[in-house]
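Structure at a glance
The primary structure of each chain is shown beneath.
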Number of protein chains: 2
Amino acid sequence: MAQEREWRCGDPQQQRKWAEATTDALRVLEGKWKIVIICQLFGAKEALRFSELERRCEGVNQKMLIQQLKELEKDGIVTRTVYPQVPPKVEYALTEMGKALGPSMAELIDWAFMRRERMADELTP
Amino acid sequence: MAQEREWRCGDPQQQRKWAEATTDALRVLEGKWKIVIICQLFGAKEALRFSELERRCEGVNQKMLIQQLKELEKDGIVTRTVYPQVPPKVEYALTEMGKALGPSMAELIDWAFMRRERMADELTP
DNA sequence: CGGCATCCGGGATGATACTG
DNA sequence: CAGTATCATCCCGGATGCCG
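Quick caveat, the model's predicted, so the values are computed rather than measured.

**What about a negative patch on the surface?**
A cluster of acidic residues, Glu4 and Glu6 of chain A together with Glu117, Asp121 and Glu122 of chain B, forms a negative patch on the protein surface. You can see Glu122 of chain B is positioned in helix α6 (residues 102–123). Its relative accessible area of 57% is what places Glu122 of chain B among the exposed residues.

In structure tokens:
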């Protein structure tokens, strides 16, 4: 949308260039749980507590979740807000840069549903 | 688009349901190079030779590329075509399921460009 | 020469117990 | 509740060899 897909041309030189750009940017999303985390934060439409995030990212463990959240925070994708109270409360939300991933995540979630439907179809033809 | 984003509602029960669906589907994209591979195949608009793919996925090594391609093939995302000739020629292309990831990958690539621009802006304000 | 397999070291990931 | 610490495991990367 923003780029009008001007990058999708046949010029090898140009392709090499955006290949580099994407590889570089995708490095931020590297890590087993990052896309899952972002999808969940995006779908929730609001900040999520650590425990809630942990519940939604099925199969993740505390250590990994914390680590990946730290990296996402460092890369400017999520914000971490601490509420000084007992019991402790920490919320995570998407930054502007993180929210900009929204369209992509939305399409990804649609794909997930489409895929699940097709998988179900194959079992009952 | 396909789902009209009907999944993006406030109902906790519903959210838990699609959280599970997405987590499950995203497992297919798990692996350090899979999204990069798909992005490159999508951007190329055509089948790519192994060596060409290797060149475009900057930083990958043969072993990893082969492994990830095998998993993607097993999960029905890419097809592998062998041309019996010397020197050997093997081409990889997206399946229908793989092409369905197009919109998401396109948005992802746009995000990559947007991010690169913003990173450059921060260095020269 | 291009595509692919195998062996091994190091770093990422996971399971569990523990703390403020 | 939200982390930290420790140790086991597995994925990843580099090097090397094979085969048409």
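**Here's the deal with the sheet that holds strand β2 (residues 78–83) of chain B**
Strands belonging to one sheet form pairs held by backbone hydrogen bonds; the direction of such a pair is parallel or antiparallel. Residue and element names in this part refer to chain B. Pairing within the open sheet is antiparallel, and its three strands lie in the order β1-β3-β2. Each end of this open sheet is capped by a strand with a single partner; those strands are β1 (48–49) and β2. Of the strand pairs in this sheet, β2 and strand β3 (residues 89–94) are connected by six bridges, and their pairing is antiparallel. Looking at β3, one finds that Val78 is bridged to Leu94. Lying over the sheet, helix α2 (residues 34–44) contacts β1, β2 and β3, oriented at roughly 90 degrees with respect to β3.

**A short note on the pairing of β3 of chain B**
All names here are of chain B. Here two bridges tie β1 to β3, and the two strands are oriented antiparallel to one another. By the bridge assignment for β3, Leu48 is matched with Tyr92. Connecting β2 to the next strand, β3, in antiparallel fashion are five residues.

Quick notes on the rules
Residues numbered from 1 in each chain as written. Chains lettered and ligands numbered in written order. Predicted model: local features only at pLDDT ≥ 70, side-chain atom pairs only at ≥ 80, totals over all residues. Heavy atoms only, no water. Patch = residues over 30% accessible without salt bridge, like charges linked within 9 Å, V, L, I, M, F, W, Y side chains within 5 Å. Areas by Shrake-Rupley, 256 points an atom, 1.4 Å probe, with all protein chains shown as cover. Salt bridge = Lys/Arg side-chain N within 4 Å of Asp/Glu carboxyl O. Lys, Arg positive; Asp, Glu negative; His and termini not counted. Charge placed at Lys NZ, Arg CZ, Asp CG, Glu CD. Helix = DSSP H or I, 4+ residues; strand = E, 2+ residues; numbered from the N terminus. Buried < 20%, exposed > 50% of the residue type's maximum accessible area, 1.4 Å probe, protein only. Pairing = 2+ DSSP bridges. Contact = heavy atoms within 4.5 Å. Axes fitted to C-alpha atoms, helices over the stretch in contact; angles between N-to-C directions.

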